Amino acid sequence: MALSKIQSESVNLADNFAFTGTVSGAGAGGLVFIGSSVATTDVAQLDVLGLNETYKNLFITGHLINATDSVNTYMRVFDTNDTIISSASYDWSRMKYSSVTTTGTKSMADNQWDLSANVGSASAEKGVSFRINITNIGIDTAQTHILSQTGYEDETGNFEGGVSCGSLTSQTQDINGIRLFMSSGDVQANSYVNVYGVVDS
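Here the structure is a predicted model, which is why all the values come from computation and not from measurement.

Caption draft 1: Local environment of the overall build of the protein chain. In terms of helices and strands, the protein chain carries zero helices and 12 strands. When the helices and strands of the protein chain are read in sequence order from the N terminus, they spell out β-β-β-β-β-β-β-β-β-β-β-β. Considering the protein chain as a whole, with its 201 residues, one finds that 38% of them fall into the buried category. Intrachain contacts of the protein chain at a sequence separation of at least 6 include 72% that bridge at least 24 residues.

Caption draft 2: Structural detail: the sheet that holds strand β2 (residues 45-49). Here we have four strands laid out as an open sheet, ordered β2-β11-β4-β7, and antiparallel in their pairing. In this open sheet, the two strands that pair with only one neighbour each are β2 and β7 (113-119). On average, each strand axis in the sheet is inclined to that of its neighbour by 15°, with strand direction left out of account. Bridge count for strand β4 (residues 71-78) against strand β11 (residues 177-182) is six bridges, and the pairing is antiparallel. Residue pairing across strands places Tyr74 opposite Phe181, the latter belonging to β11.

Caption draft 3: Examining the pairing of strand β3 (residues 58-64) more closely. Most of β3 is tucked away: five of the seven residues are buried. As judged from the seven bridges shared by β3 and strand β8 (residues 128-135), these two strands associate in the antiparallel manner. When the bridges of β8 are listed, Leu64 appears paired with Val128. Pairing geometry for β3 and strand β12 (residues 192-199), over six bridges, is antiparallel. Looking at the pairing, Thr61 lines up with Asn194 of β12.

Caption draft 4: Representation of unusual backbone geometry. In this structure, Ala109 is a non-glycine residue whose phi angle is positive, near 55°. Relative to the assigned elements, Ala109 resides in strand β6 (residues 102-110). Its identity as a non-glycine residue notwithstanding, Asn136 has a phi of 65°, on the positive side. As for its placement among the helices and strands, Asn136 is situated in the loop between β8 and β9 (145-153).

Caption draft 5: The packing of aromatic side chains, seen in detail. The tally for this structure, following the rule as stated, stands at four aromatic pairs. Relative to Tyr196, the ring of Phe59 has its centre 6.4 Å away and its plane inclined at 40°; by these criteria the two rings are tilted. In this pair, Phe59 is assigned in strand β3 and Tyr196 in strand β12, connecting sequence segments 137 residues apart. Taking relative accessible area as the criterion, Tyr196 reaches 23% and is therefore assigned partly exposed. An angle of 80° between the planes, with centres 5.0 Å apart, marks the rings of Tyr90 and Trp113 as edge-to-face. Of the two residues, Tyr90 is situated in strand β5 (residues 90-98) and Trp113 in strand β7; the sequence distance between them amounts to 23 residues. Owing to a relative accessible area of 0%, Trp113 belongs among the buried residues under this scheme. What links up through ring pairs into an aromatic cluster is the set Phe33, Phe59 and Tyr196.

What counts as what
Each chain carries its own residue numbering, running from 1 in the direction its sequence is written. With the structure being a predicted model, the display of local features is reserved for residues of pLDDT at least 70 and the display and counting of side-chain atom pairs for 80 or more, all residues being used for whole-chain, interface and lining totals. Values reported for side chains reflect all heavy atoms of the structure, with hydrogen atoms and water molecules removed beforehand. Only runs of H or I of at least four residues qualify as helices and only runs of E of at least two qualify as strands under DSSP, and these elements are numbered from the N terminus. With a 1.4 Å probe rolled over the protein chains alone, any residue whose accessible area is under 20% of its type maximum counts as buried; one over 50% counts as exposed, and the rest are partly exposed. Here a residue-residue contact requires only that any non-hydrogen atoms of the pair lie within 4.5 Å. Pairs of strands are assigned from DSSP output, requiring at least two bridges between the strands. Note on geometry: axes are lines fitted to C-alpha atoms, helical ones only across the stretch in contact, with angles between N-to-C directions running from 0 to 180 degrees. Pairing of aromatic rings covers Phe, Tyr and Trp, the last counted by its six-membered ring, and requires centre-to-centre distances within 6.5 Å; plane angles under 30 degrees mean stacked, over 60 mean edge-to-face, and any other angle means tilted.

Keep in mind these values describe shape, not function.
Structure, rendered in structure tokens:
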């Protein structure tokens with residue numbers, strides 16, 4: 001179906017269309033898929049590399065199924081040599097909300113970011129769902145920050161939500177990857193993490 005001008009109610013959506021040229025006025029921004037990691041067996045952690053600092057802001061989502069009861073969800077980053085940063089490079093603060101209690105904790109110059117506490121029964125295989133934003137990647141004039149939200153059942157079966165924020169202690173630290181893992185034990189098969197770049201508007 002050749003079409004030089006679209007008028008109101010004149011397009012049959014069952015037809016096929018081929019468009020050439022440039023579409024303008026559609027806005028900018030959005031998410032671009034960068035990479036993912038999926039556990040097909042029990043593994044120690046899930047890694048996604050190759051971030052390359054193309055995007056200054058990242059959106060991360062996923063689900064980890066813990067293989068050990070009552071564990072925390074941890075996150076680290078890789079430098080541009082694909083070396084994991086595990087030294088005292090992470091500052092963080094976290095709030096835990098449930099129907100039973102609300103508690104907060106923090107740590108400075110830790111060995112990882114702590115995203116959630118007391119993810120419950122491993123045998124139930126419910127795990128922890130999360131979404132994380134990392135901002136100011138590769139911008140030496142601004143500190144790299146994370147903001148995260150988590151949801152899970154604790155060791156007694158109460159549903160909990162976690163909110164955390166953090167930063168890297170070095171303002172000039174470059175990042176080329178992320179690692180998600182538990183404070184003890186493996187993550188089970190079917191755990192996954194997806195990473196998206198946020199396109200500047």
